[in-house]
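A look at the structure
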Protein chains: 2
Amino acid sequence: MASNRPEMLAAHYAVPMLGAVLNTINTRLDVETVEYILTHSESRLLISERGLSVNAGAAAGLTSVELCQLAEQKGHVVSGSLDLLTEDHGPDELPAFAMADEWQPLCLNYTSGTTGNPKGVFCHHRGGYLNALGNVLALGLTCSSVYLWTLPMFHCNGWCQTWAVTAAGGLHVCLDKPDPSLIFPAIAEYKVTHLSCTPVVLYMMLNHPLRKTRQGGHRVSVNSGGPAPTSALIAQLDALGFDLTHLYGLTESFGPATLRQLDGEQQHLTIERKAVELVKQGVRHLTANRVRILDENGNDVPADGATMGEIVLTGNTLMAGYYRNPAATEKAFEDGVFHTGDLAVRHADGNIEIRERSKDIIISGGENISSVEIESVLHRHPAVPLAAVVAVPHKKWGETPAAFIELRDGMTVTAEELRAFCKLELASFKVPSQFAFTELPKTATGKIQKFVLREWARGPGAGSAHG
Amino acid sequence: MASNRPEMLAAHYAVPMLGAVLNTINTRLDVETVEYILTHSESRLLISERGLSVNAGAAAGLTSVELCQLAEQKGHVVSGSLDLLTEDHGPDELPAFAMADEWQPLCLNYTSGTTGNPKGVFCHHRGGYLNALGNVLALGLTCSSVYLWTLPMFHCNGWCQTWAVTAAGGLHVCLDKPDPSLIFPAIAEYKVTHLSCTPVVLYMMLNHPLRKTRQGGHRVSVNSGGPAPTSALIAQLDALGFDLTHLYGLTESFGPATLRQLDGEQQHLTIERKAVELVKQGVRHLTANRVRILDENGNDVPADGATMGEIVLTGNTLMAGYYRNPAATEKAFEDGVFHTGDLAVRHADGNIEIRERSKDIIISGGENISSVEIESVLHRHPAVPLAAVVAVPHKKWGETPAAFIELRDGMTVTAEELRAFCKLELASFKVPSQFAFTELPKTATGKIQKFVLREWARGPGAGSAHG
């Protein structure tokens, strides 16, 4: 549980080499979720960073997990803490590799899915190895590459870039936080060639005064995932000297499963045409296997750019399953393919494009938020018999959760009260930004029509009119 | 059986996709050897190039293998020949992948070992896939790379570059033959970034008048293997704008198993120091597993730069075995490691360096020649009861075979007569360049001391004094 410190990168090598399983934990999570992850994963040791250690310490205290704190950076060593970088009493020889089988666990990554509790995505060495090499191919990493860590390593192991950059012999530049006032100077100082981040970080960079320092600077390969880039974003990135690669994937696919980048000739397209191309999720990552779009009968949809189906994945770069959750694993791999839950079309040129993301996931600031988790919390409020949470577009975070509430007859509650109620049980980034009180639209069989709510949330005055 | 034509590259994809096994045959081989390979490999179809088809046709005629000739290049289509590039009546859809198992055969490569008959190195998809990605990493190939084919694709599938360049999305520039009068213009015209070749081709380039066209040209990454580069070669390559990577491997290891290249700081070393570094075989290829040097008792030699042992390999990028030759396979993998037969030391920095190559192999112009094969031919001559063949340094070819002959009592034969005799049975590049008539040096147990012969061969007037 640490920021992008060198020790966090080292852990991506040291822990697997010991034969242990790396379980990086999102530093933004609340104590209860961290405790759940530590307990569910049967963790033996929690290494955390001072400053982030309040939640870590509290969660460890609620379990029997041993806590080890990393020393402060910049030489300010705290007694009893672990100092990997300046102490030199390590073993003279590396311990023997404790890896005997390529299907052996490499890491666990807890991810919010469509159920309330996070699920432990269990990844094997084979998949991590191959997807790391896939990233080398996709991003053109070489021993001359300089990679800036603007993506949290705790997030799906930095999409396997933790291993990819080293596989290519490139240089990692660690960055405590994705702050443009650190990013722009680092790009110039270290002659950064590559970085990965969510669109949120890109927007922060575009709105920062230091962007002027990029004038006349070298070009940087930027790969971004999550929400698809908009044409406005692409135009501004281009002017900043950033060449965008659009990646799509899930924690369950070790990060990148498809990619879209412009080839030589497409570099000369208009910004509008570039945006049309780059918004696509693209073609399969080279180390992935088949990326298919299946209709309800399990048949591949035609490559007509119109017929929707679900993206399903097969191949080596898929998780072994959800740890200690055979039901969810079986559901995810129903019919022998991995179900992403994302609905997409295939264009005539082979590129796929998502038309409707997995309905119950909200991606805010690059973090997956489960609408079901929020709904469960809301349902615990005595005045809320029925709540539905959907994504609403947000300028900074990409999306935030919006809650629609059907009140219990004769009871009232304000948006402020519900916000405070949610904060008691949820990490702050999961707390809905909007609350609307209304009768929920339902199908004849009583199923909530979330697509209607999404339209309401996008519409003018949504939320404020009700809340 | 073809030169580096586009069809030859296409065959590296089409044949495995059909579920068939690709068996590229050295175009310099004599009819008898081609016939042996076709028969031993149980070939079903021989595709050959017109012009090279004399031997191919003769060999196919001696077997029941169907012969298919490629059309002439440059539009000169021959009736009844196969024209892959201009005819457009291919299937609308690719046939389904016929690959069901990563251990399935990908290709056979017949290689001259220490026994007379060539052995069929049986390679699997898993190894080819991984070594191709290893080459991408080693050479820093990207979608901007332009690769010039100065290495025969029939030689160990071009060290897996046939697949590596495409994996990275780079451009292949096919070249019929490694002729400097074609190479220099191609480098300039296509802005070649990478090429692979044996030192022989590099010497040819250095001695060619067109080398002056490289003045002020862009730098090219050159990877070379076989005989280690000399300091004179390295100095001249550097001046030509060529950055050398030294590769070491065998057909049995899908080509590259180790590599040596200079890092940023080492680029500033003197030529003499660079040569000392680049002559080393280096460190393991990233997709290889362990490269060890074992003493006679099977223990790793110390990293002292002095203690010799045999290089042994383990990992995914090793052949499955020699086709239809369990005895040779068992010997090669004795004690669970692959025995290269090459003797080397390990330096303190981890780099390995060969001190004595597998004794019975002569590498001439990048081709493996079996001394045992030549000896067997010589032993068929009535006047030759005992012959020993060793490598002798050669300015153009790196090495050539030198034969030492013990004559039968009372009989005589001249070097010219033996040369003519060998030509009847051997490809011309295998015919010894020198013949010496002398009593052979032997150990107490009667074993021929080839190391003494190698000294004689290197000594002043060797061969000519006797021959």
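Keep in mind it's a predicted model, so treat the numbers as computed, not measured.

This part takes up the relation of the copies chain A and chain B. These two copies of the chain differ by a rotation about an axis and a displacement along the same axis. For the match of chain A to chain B, the screw axis carries a shift of 0.0 Å, the RMSD comes to 0.1 Å, and the turn is 180°. Classification of the inter-copy transformation places it as that of a two-fold axis.

To continue, consider the nonpolar core. Counting residues in each nonpolar core, the largest one holds 231 residues, and the members touching the most others are V136(A) and V136(B). Setting aside residues up to four positions removed in sequence, V136(B) forms contacts with V136(A), L137(A), L141(B), A164(B), A167(B) and A168(B).

The subject of this paragraph is the interface of chain A and chain B. The interface is formed by nine residues belonging to chain A together with nine residues belonging to chain B. The leading source of residues in the side of chain A that touches chain B is helix α4 (residues 125-139) of chain A, at three residues.

A few words now on unusual backbone geometry. Residues apart from glycine generally show negative phi values, whereas peptide bonds are mostly found in trans. Even without being a glycine, K191(A) presents a positive backbone phi close to 50°. Tracing the backbone through its elements, the reader meets K191(A) in the loop between α7 (180-190) and β8 (194-197). Given 14 C-beta atoms within 10 Å, K191(A) falls into the partly exposed group. Of note, the phi angle at R324(B) is positive, near 50°, even though the residue is not glycine. Within the secondary structure, R324(B) sits in the loop between β15 (321-322) and α11 (326-332).

Moving on: the packing of helix α9 (residues 231-239) of chain B against helix α10 (residues 271-278) of chain B. Residues and elements named next belong to chain B. Packing of α9 against α10 leaves a shortest axis separation of 9 Å and a crossing angle of 115°. Taken as axis vectors, α9 and α10 run roughly perpendicular relative to one another. Where α9 crosses over α10, the handedness of that crossing is right-handed. Contact residues: S231, I234, A235 and D238 in α9; I271, E272, K274, A275 and L278 in α10. Partitioned by chemical class, the residues of the contact of α9 with α10 number five nonpolar, one polar and three charged.

What follows covers the sheet that holds strand β9 (residues 220-225) of chain A. Residues and elements named next belong to chain A. Spatial strand order, β7-β6-β8-β9-β10-β11-β12: seven strands in an open sheet with mixed pairing. Two strands bound the open sheet, and with one partner strand each, they are β7 (171-173) and β12 (283-284). Alignment of strand β11 (residues 255-260) against β12, held across two bridges, turns out to be antiparallel. Within the sheet, the bridge partner assigned to T258 lies in β12 and is R284. Of the strands in this sheet, β6 (146-148), β7 and β9 touch α7, which is tilted by about 170° from β6.

All names here are of chain A. Of all residues in chain A, 90% have pLDDT values of 70 or greater, and the mean over the chain is 87. Contacts for the low-pLDDT stretch residues 461-467, under 50 throughout, to residues beyond four places or in other chains number 16 contacts. Listed scores for the predicted complex are pTM 0.80 and ipTM 0.78.

Residue and element names in this part refer to chain B. Taken in spatial order, the three strands of this open sheet run β20-β21-β22, and their pairing is mixed. Edge positions in the sheet fall to β20 (386-394) and β22 (434-437), since each has one partner strand and no second. The sheet shows a mean angle of 25° between the axes of neighbouring strands, taken without regard to direction. When strand β21 (residues 398-406) meets β22, the two strands line up parallel, connected through four bridges. In the strand pairing of β22, I405 is matched with F437. Strands β20 and β21 of the sheet are contacted by helix α14 (residues 450-458), whose axis makes an angle of about 45° with β20.

Helical periodicity: at 3.6 residues per turn, an α-helix aligns residues three or four positions apart in one direction. Residues and elements named next belong to chain A. With twelve residues, helix α1 (residues 6-17) extends 17 Å between its outermost C-alpha atoms, agreeing within 8% with the 16 Å of an ideal straight helix rising 1.5 Å per residue. All of the buried residues along α1 are E7, M8, L9, A11, H12 and P16. Taken from the residues just after α1, G19 is the one with a positive phi, measuring 85°.

For the rest of this paragraph, the subject is the pairing of strand β18 (residues 361-364) of chain A. Residues and elements named next belong to chain A. Burial of the side chains of β18 extends over both faces: I361 and I363 are buried on one face and I362 and S364 on the other. In the sheet, β18 pairs with strand β19 (residues 367-370) via four bridges, with the strands oriented antiparallel. Within the sheet, the bridge partner assigned to I362 lies in β19 and is I369. Between β18 and β19, which pair antiparallel and follow one another directly, the connecting turn spans two residues, one of which, G365, has a positive phi of 60°.

Looking now at the domain arrangement of chain A. Residues and elements named next belong to chain A. Taken domain by domain, chain A comprises domain 1 (1-93), domain 2 (122-358) and domain 3 (361-458). Computed over C-alpha atoms only, the centres of domain 1 and domain 2 are separated by 27 Å. Every contact between the two is made by 13 residues of domain 1 and, on the other side, 14 residues of domain 2. Ranked by the residues each element gives to the side of domain 1 that touches domain 2, the list is headed by α1, at four residues. In the side of domain 1 that touches domain 2, the residues fall into four nonpolar, eight polar and one charged.

All names here are of chain B. Along the chain, V21 falls in the loop between α1 (6-17) and β1 (22-23). Here the alpha-carbon distance between V21 and H124, two residues 103 residues apart in the chain, equals 9.6 Å. The contacts of V21, once residues within four sequence positions are left out, are P105, C107 and L108.

Turning our eyes to something else, we now look at α7(A). Residues and elements named next belong to chain A. Listed in full, the buried residues belonging to α7 are I183, F184 and I187. Buried positions in α7, seen along its axis, are confined to an arc of 90° and lie on one side of it. More than 90 degrees from the buried face of α7, the exposed residues found are S181, P185 and E189. On its buried face, α7 sits against β6, α8 (199-206) and β9. K191 occupies a position one or two residues after α7 and carries a positive phi of about 50°.

So, about the environment of V452(B). As for its position among the elements, V452(B) is in helix α14. Between the C-alpha atoms of V452(B) and N299(B), which are 153 residues apart in sequence, the distance is 28 Å.

Definitions and cut-offs
Residues numbered from 1 in each chain as written. Chains lettered and ligands numbered in written order. Predicted model: local features only at pLDDT ≥ 70, side-chain atom pairs only at ≥ 80, totals over all residues. Least-squares fit on C-alpha atoms with pLDDT ≥ 70 in both. Core = buried A, V, L, I, M, F, W, Y, C linked by C-beta atoms within 7 Å. Buried ≥ 20, exposed ≤ 12 C-beta atoms within 10 Å, placed from the backbone. Contact = placed C-beta atoms within 7 Å. Helix = DSSP H or I, 4+ residues; strand = E, 2+ residues; numbered from the N terminus. Axes fitted to C-alpha atoms, helices over the stretch in contact; angles between N-to-C directions. Parallel < 35°, antiparallel > 145°, perpendicular 65-115°, else oblique. Left-handed = near helix turned anticlockwise from the far one by under 90°. Nonpolar A, V, L, I, M, F, W, Y, C, P; charged D, E, K, R; others polar. Pairing = 2+ DSSP bridges. pLDDT = per-residue confidence, 0-100. Expected span 1.5 Å × (residues − 1). Domains from an automatic or database assignment. Arc of directions from axis to C-beta.

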